[in-house]
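Here is what each chain is made of, one letter per residue.
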Amino acid sequence: MQTLTLDAITKRFGPVLADDAISLTVRSGRILGLIGENGAGKSTLVSILYGLHRPDSGRILIDGREVRFRSPGDAIAHGLGMVFQHFQLFADMSVLENVVYGAEPGRWGVLDRKGAARRVAALAAEYGLEVPLDDPVGALPVGVLQRVEILKALYRRAELLILDEPTGVLTPPETRALFRVLRTLADQGHAVLLITHKLDEIAAVADEVVVLRDGRRVFDAEVGATTPAELARHLTGREVDLRPRRAVRPPGDPVLTVEHVVTTGAGRAALAGVSLTVRSGEIVGVAGVAGNGQETLAAIVAGARVPDSGTVTLGACDVTTWDNARRRDAALAHIPEDRNSAGVALDASVITNLTAGFHRRAPLGAHGLVSPRAMRAHARELVVRFGIRVADPTAAVRGLSGGNVQKLVVARELAHRSPFLLAEQPTRGIDLGAIEFVYRQLDEYRSDGGAVLLISSELSELLALADRIVVLTDGSIVGEFAATDADPERIGALMAGTAIAAEPL
Ligand SMILES: Nc1ncnc2c1ncn2[C@@H]1O[C@H](COP(=O)(O)OP(=O)(O)OP(=O)(O)O)[C@@H](O)[C@H]1O
Ligand SMILES: [Mg+2]
C-alpha cells in the first residue's frame, strides 16, 4: 500500500452529522496526526475506515482503487490495523496466544507454536516492541498491552496502523516508547494514522496534521510548517488560555485529612503511611508515575477501599469505614479515573446520568420523590453550560463521543457544590477548549471554598491548577511543593528517577 484515501466520507447518526464530506490521504512512510475537538468526528471517521461503520456516502481508495469494507475482517485483509483504547485482549492467555489468536499459522488447523513464536519474536525485535511473550496479559501494564495490540496488527500484516488516542492511558516514558515504535514503523514503510488531543504529541511525532471541526476538515499542514498555537486556533476557532490559576485567598479549615494510611498487598500500589490535608479553598495536586499508589489513595479517599491502618476524615466526620455512597451523601464529589466503568451508566440517558446520585435532593426532588421535569431542566442547563455535545438528552450516553462523556461526569460532580472534590485525571481525553473550561470550573469551585484533591498524570495540569503539589512515589509522599516554587525538573526526578525528568518528549 502506498496511499489510502478517504474521499468525501459522510456519516450521520440520526440528526447528528458526525462526518461531513471528509477527505484525507495517508501515505506509506508517513505519520498523519488527526486532531479535533470532542465530537468533531475523529473516531467515527476511523471506525468507517476500519469497517465498523458504513459511510452514508463517500469512498475509500487504496492506491487509487476503490475498496469496500463490510467488517473489520475486510479492513484487516486489505492491510489495515487498529489499536483501540479499550484493549481487545484475553487476560488469561499469554502474549503470544493473544497475538496469533484467530490468525494462527499451521497446517490442518494445528497451531505451529514454534513457528508462531519465531515470527512474533522477529516482529517484536524489528519494531522495538518489547513484550514478554509467555506471560499472561492480565498482569501487564497498559503500555505493554498496547504493544501487544500493535504486534497483533503487524502479525496480520497491517500496512496502515490506526491509533485512536493511544497516549491517554500512558505514562510519559511509555508515550516516548510508543512514539519510537511509530517512527520505526513509518521508516520501514508503514503508514500511521494517529488521533490525539495533545498538540505537543503532534509536534513530537507526526509528519502532517489534519484538523476536524464539527465534522468538517478545516485545516491541514506539514507539521514543520505550522505551530501548536496555529493548530489550537483551528481546533477551537479562538484563543485558549491555559495559564496557571491559583487561590487568591489563604485556605480555610481542613476538609479532607488523611492520616498515616497504610495498605498492604498489591505490591507497588500499596501505601506506606500516607498523610495529607486538603483545606477549604485549595487544590492539592498529587504527582506521580501511575502505579505508585495514586489509584490506591483515590480508592481510600473515595470509600472504595478501607485502609489496613490510618484514618480518613471528611469535614468533622471520621469516614474511614464509610462506603462511597455514604461519603457522597455527606460531602464527596468524585470524578473517577475510568469514566466508562465508574463514571456513567452507558445505557442510561444523558438526563439520568447527569442527575444520578443527586435526584432525590432539592431542587431535583423532595421527600424522596423525584421530579422528572426538574431533572430534565437541570440536565438541559448542564448540557448548555458545559458545552456537552448531544443532540437528544434522552438518548443513551453510549452514543456520546469519549470527551463528551468526560464533560458529563465533570458537569454532574461540580453542579452540586459538595465541600470536597476528588478529581482523578479530570481532563483525560477532552479537547483544549474543554480543558480550559474544566480548569476554570475547578478554579471557581476553589474560590467558592471547595477543597480539591487533584490526581493527575499531567504535570502541566498540576502546575496550572494546584496550590500545593505532593509527590507520591512507591507508596510514600517523597516531596511537597508550593505551586509557586514548584520546579518541574525536581518533581520529575522525585516522581521516577532522573531518567524520566531529563528526557524531553
Ligand atoms: N453510535 C453513535 N450513535 C449516535 N451518535 C454517535 C455515535 N457515534 C458517534 N456519535 C456522534 O457523532 C459525533 C462524532 O463523534 P466521534 O466519536 O466521532 O467524535 P470524536 O472526534 O472521536 O470525539 P472525542 O474527541 O470526544 O473522542 C458526536 O456528536 C457523537 O455524539
Ligand atoms: Mg473519539
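Residues numbered from 1 in each chain as written. Chains lettered and ligands numbered in written order. Predicted model: local features only at pLDDT ≥ 70, side-chain atom pairs only at ≥ 80, totals over all residues. Heavy atoms only, no water.

*Asks:* So what's going on with the environment of A103? Which residues, and what values?
*Replies:* By the secondary structure assignment, A103 is in the loop between α3 (95-100) and α4 (113-127). Residue classification places A103 among the partly exposed residues on the basis of a relative accessible area of 29%. (Helix = DSSP H or I, 4+ residues; strand = E, 2+ residues; numbered from the N terminus. Buried < 20%, exposed > 50% of the residue type's maximum accessible area, 1.4 Å probe, protein only.)

*Asks:* Provide a residue-level description of the nonpolar core, including the pertinent values.
*Replies:* If you look at the biggest cluster of nonpolar residues, it comprises 51 residues, and the most contacted ones within it are I150, L163, L182 and L185. Here the element with the most residues in this core is helix α5 (residues 142-155); it accounts for eight residues. If near-sequence neighbours (up to four positions away) are discounted, I150 is found in contact with V83, L129, L161, L163, L178 and L185. I335, V397, V438 and L459 belong to the second-largest nonpolar core, a separate cluster that totals 49 residues. (Core = buried A, V, L, I, M, F, W, Y, C linked by side-chain atoms within 4.5 Å. Contact = heavy atoms within 4.5 Å.)

*Asks:* For the site of ligand 1, give the residues involved together with the corresponding values.
*Replies:* Around ligand 1 there are 18 residues in total, and G39, K42, T44, S401 and G403 lie nearest to it. Between ligand 1 and N38, the relevant distance is 3.0 Å, taken from an oxygen atom to a side-chain nitrogen or oxygen of the residue. A distance of 2.8 Å separates an oxygen atom of ligand 1 from a polar side-chain atom of K42. Expressed as a share of its isolated accessible area of 640 Å², the protein-covered part of ligand 1 is 82%. (Near = heavy atom within 4 Å. Polar contact = N/O pair within 3.5 Å; in protein donor to acceptor, adjacent residues only side chain to side chain. Areas by Shrake-Rupley, 256 points an atom, 1.4 Å probe, with all protein chains shown as cover.)

*Asks:* A description of helix α1 (residues 42-49) should follow, citing residues and the corresponding values.
*Replies:* A large share of α1 lies buried, amounting to seven of its eight residues. Taken together, the buried positions of α1 are K42, T44, L45, V46, S47, I48 and L49. Backbone geometry just after α1 places G51 at a positive phi near 80°.

*Asks:* Any details on unusual backbone geometry? Residues and values, ideally.
*Replies:* Generally, phi is negative for residues other than glycine and the peptide bonds are trans, each holding for most cases. Although it is not a glycine, D63 adopts a positive phi angle of roughly 45°. Here D214, not a glycine, exhibits a phi torsion of approximately 50°, which is positive. If you trace the backbone, D214 turns up in the loop between β9 (208-213) and β10 (216-222).

*Asks:* Could you give me a rundown of the packing of aromatic side chains, with the residues and numbers involved?
*Replies:* Inspection of every chain in the model, using the stated rule, returns three aromatic pairs. Ring plane angle 70° and centroid distance 5.9 Å describe the contact between Y50 and F84, whose orientation is recorded as edge-to-face. With a gap of 34 residues between them, Y50 in the loop between α1 and β4 (57-62) and F84 in the loop between β6 (80-83) and α3 connect regions that are remote in the sequence. We note R119 situated over the ring of Y155; from NZ or CZ to the ring centre the distance is 4.2 Å. Between the NZ or CZ atom of R326 and the centre of the ring of W322, over which it lies, the distance is 3.9 Å. (Phe/Tyr/Trp six-rings, centres within 6.5 Å; stacked < 30°, edge-to-face > 60°. Lys NZ or Arg CZ within 6 Å of the ring centre and 35° of its normal.)

*Asks:* Now, about the pattern of salt bridges: what can you tell me, with residues and values included?
*Replies:* The full count for this structure, using the stated rule, is 26 salt bridges. Put simply, E201 and K198 hold a salt bridge, and the shortest N to O gap is 4.0 Å. Using a relative accessible area of 25% as the deciding quantity, one classes K198 as partly exposed. (Salt bridge = Lys/Arg side-chain N within 4 Å of Asp/Glu carboxyl O.)

*Asks:* Describe the sheet that holds strand β16 (residues 332-335), and please don't skip the residues or the numbers.
*Replies:* Strand order in the open sheet made by the six strands is β16-β19-β20-β13-β21-β22, with mixed pairing throughout. Looking at strand neighbours, the two that pair on one side only are β16 and β22 (476-482), the edges of this open sheet. Looking at each pair of strands side by side, their axes are set apart by 15° on average, direction ignored. Packed onto the sheet, helix α14 (residues 402-414) meets β16 and β19 (420-424) and runs at close to 170° relative to β16. Across the sheet, helix α15 (residues 432-447) is in contact with β13 (283-287), β19 and β20 (451-455); its angle to β19 comes to roughly 155°. (Pairing = 2+ DSSP bridges. Axes fitted to C-alpha atoms, helices over the stretch in contact; angles between N-to-C directions.)

*Asks:* Explain the sheet that holds strand β2 (residues 16-27) residue by residue, including any values.
*Replies:* Pairing within the open sheet is antiparallel, and its four strands lie in the order β2-β1-β4-β5. Edge positions in the sheet fall to β2 and β5 (65-67), since each of these pairs with one other strand and no more. Adjacent strand axes in the sheet meet at a mean angle of 30° when their direction is disregarded. Summarising the sheet, strand β1 (residues 3-13) and β4 pair through five bridges and their orientation is antiparallel. By the bridge assignment for β4, D7 is matched with R59. This element, α1, spans β1, β2 and β4 of the sheet and lies at about 120° to β1.

*Asks:* Lay out the domain arrangement of the protein with the relevant residues and their values.
*Replies:* The domain architecture assigned to the protein consists of domain 1 (3-236) and domain 2 (254-495). For domain 1 and domain 2, the distance between their C-alpha centres works out to 31 Å. Each side of the interface is counted separately: domain 1 has 18 residues, and domain 2 has 17 residues. The contact between domain 1 and domain 2 buries some 1300 Å² in all, and 53% of this surface belongs to carbon and sulfur atoms. Looking at the side of domain 1 facing domain 2, the largest losses of area belong to N38, G39 and H197, adding up to 35% of the total buried there. The tally of links between domain 1 and domain 2 comes to two salt bridges. (Domains from an automatic or database assignment. Buried area = accessible area lost by both parts, 1.4 Å probe.)

*Asks:* Summarise the packing of α14 against α15; cite the residues concerned and give the values.
*Replies:* It is at 12 Å that the axes of α14 and α15 come closest, and there the two elements cross at 15°. Relative to α15, the element α14 is oriented roughly parallel. The handedness of the crossing between α14 and α15 is left-handed. Residues K407, V410 and L414 of α14 lie in contact with α15, whose contacting residues are A434, V438, Q441, L442 and Y445. Its residues assigned to classes, the contact of α14 with α15 shows six nonpolar, one polar and one charged. (Parallel < 35°, antiparallel > 145°, perpendicular 65-115°, else oblique. Left-handed = near helix turned anticlockwise from the far one by under 90°. Nonpolar A, V, L, I, M, F, W, Y, C, P; charged D, E, K, R; others polar.)

*Asks:* Tell me about helix α8 (residues 228-236), residues and numbers included.
*Replies:* Those residues of α8 not exposed but buried are L231, A232, L235 and T236. Projection of α8 onto a plane perpendicular to its axis shows the buried side chains occupying an angular sector of 115°, all on one side. Elements in contact with the buried residues of α8: β3 (31-36), α7 (199-205), β9, β10 and α15. Once α8 finishes, G237 follows within two positions and takes phi at roughly 75°, a positive value. (Arc of directions from axis to C-beta.)

*Asks:* Which residues make up the side chain of E436, and what values do they have?
*Replies:* Note on placement: E436 falls in helix α15. Not counting residues up to four positions away in its chain, the partners in contact with E436 are R238, E239, V240, D241, L242 and R245.

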